[in-house]
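# Residue-level structure breakdown
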Amino acid sequence: LPWILGAFALALSSRRRLWAFAASGLCFAAGVLSKETYLLLLPALAYQVWQRAEGPTRRMCMCVFSSVTLGILLFFPLYAVLKGELFPGHGHVSLIGAIEWQLHGRAGSGSPFTTGTAANQTVIGWLHADPWLLGLGTGALPLALAVRRLRPIGLALAIFLAVLVRPGYLPAAYITGTLPFAALTFAGSIDAVWRINRTACGRFARTAPGTRRNWRCARHPGTRPFPTTFCARVFVVALTLGVGVVLVPQCVNGD
């Protein structure tokens, strides 16, 4: 998981250097080789790289990211070929056989919405350990998908949730990859609400060159952004205090 989070962090490099996108691909490949489930996040990370690499170098950045990722991931099939363990056969394990077992060989856990199934019991266990973080992240997901800079993180959480509700085997450790993106989605959405004045109205208009800024919005001259900003920030403060009042005692008692 640290490799995957490092890959997303490097893709957000403010200077948008080629080495950062190459390092992002390296970290992602290392994370996938450690836990193949994280391959599900490739669309979200690729979208993050595409979004950050705006301008004439976008094609080069995407090429570098893809080449490094694919080049490192191909070492594992190459290793299997050299050991004679790529295809199924008698008396040895195989990479393709292991993939088939992962996708189709294990018994399904049932639906997480059906009482008594293994998937339902697993989800109940997750919520018993932490009933808030997954819920807060899921609740903030629509806003994260609506805000452009948060969309890759929201997409990563949406992929995790989509796989969670599909029929099939549900590992108990699956939640470890979901929680960090739920936290980032919730925190990013709260930040977007706090800064709603900038995203909704843009820059303030000026009455004349050199004069003080007035309260009218440059993009929508007939509106006044201050009440919207004030209400949004009051909501953020109230939500933060409310969550803190509820969670802090539970965390103290639980730990």
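Summarised in this report is the structure supplied together with it.

Conventions used here
Residues numbered from 1 in each chain as written. Predicted model: local features only at pLDDT ≥ 70, side-chain atom pairs only at ≥ 80, totals over all residues. Heavy atoms only, no water. Salt bridge = Lys/Arg side-chain N within 4 Å of Asp/Glu carboxyl O. Buried < 20%, exposed > 50% of the residue type's maximum accessible area, 1.4 Å probe, protein only. Helix = DSSP H or I, 4+ residues; strand = E, 2+ residues; numbered from the N terminus. Contact = heavy atoms within 4.5 Å. Patch = residues over 30% accessible without salt bridge, like charges linked within 9 Å, V, L, I, M, F, W, Y side chains within 5 Å. Areas by Shrake-Rupley, 256 points an atom, 1.4 Å probe, with all protein chains shown as cover.

### Let's talk about the pattern of salt bridges
Tallied over the full model, the rule gives three salt bridges. The partner of arginine 195 in a salt bridge is aspartate 191, with the nearest N and O atoms 3.3 Å apart. Classification of arginine 195 by relative accessible area gives partly exposed; the value is 28%. Connected through salt bridges with shared partners, the residues Arg149, Asp191 and Arg195 form a single ionic network.

### Observations concerning unusual backbone geometry
The phi dihedral of arginine 16 is positive, around 55°, even though this residue is not glycine. Within the secondary structure, arginine 16 is located in the loop between helix 1 (2–11) and helix 2 (18–34).

### Quick look at the environment of leucine 45
With respect to the element layout, leucine 45 can be found in helix 3 (residues 42–52). For leucine 45, a relative accessible area of 0% corresponds to the buried category. For the pair formed by leucine 45 and glycine 25, sequence separation is 20 residues and the distance between their alpha carbons is 9.0 Å. Ignoring sequence-local partners within four residues, the contact set of leucine 45 consists of Ala7, Phe8, Ala11, Ser24, Phe28 and Phe65.

### Looking at a nonpolar patch on the surface
There is a patch of nonpolar side chains on the surface, built from Phe75, Leu78, Val81 and Leu82 and spanning about 440 Å² of accessible area. Relative to the helices and strands, leucine 78 resides in helix 5 (residues 75–82). When its relative accessible area of 45% is taken as the criterion, leucine 78 is described as partly exposed.

Take it as geometry only, folks, not as evidence of what the structure does.
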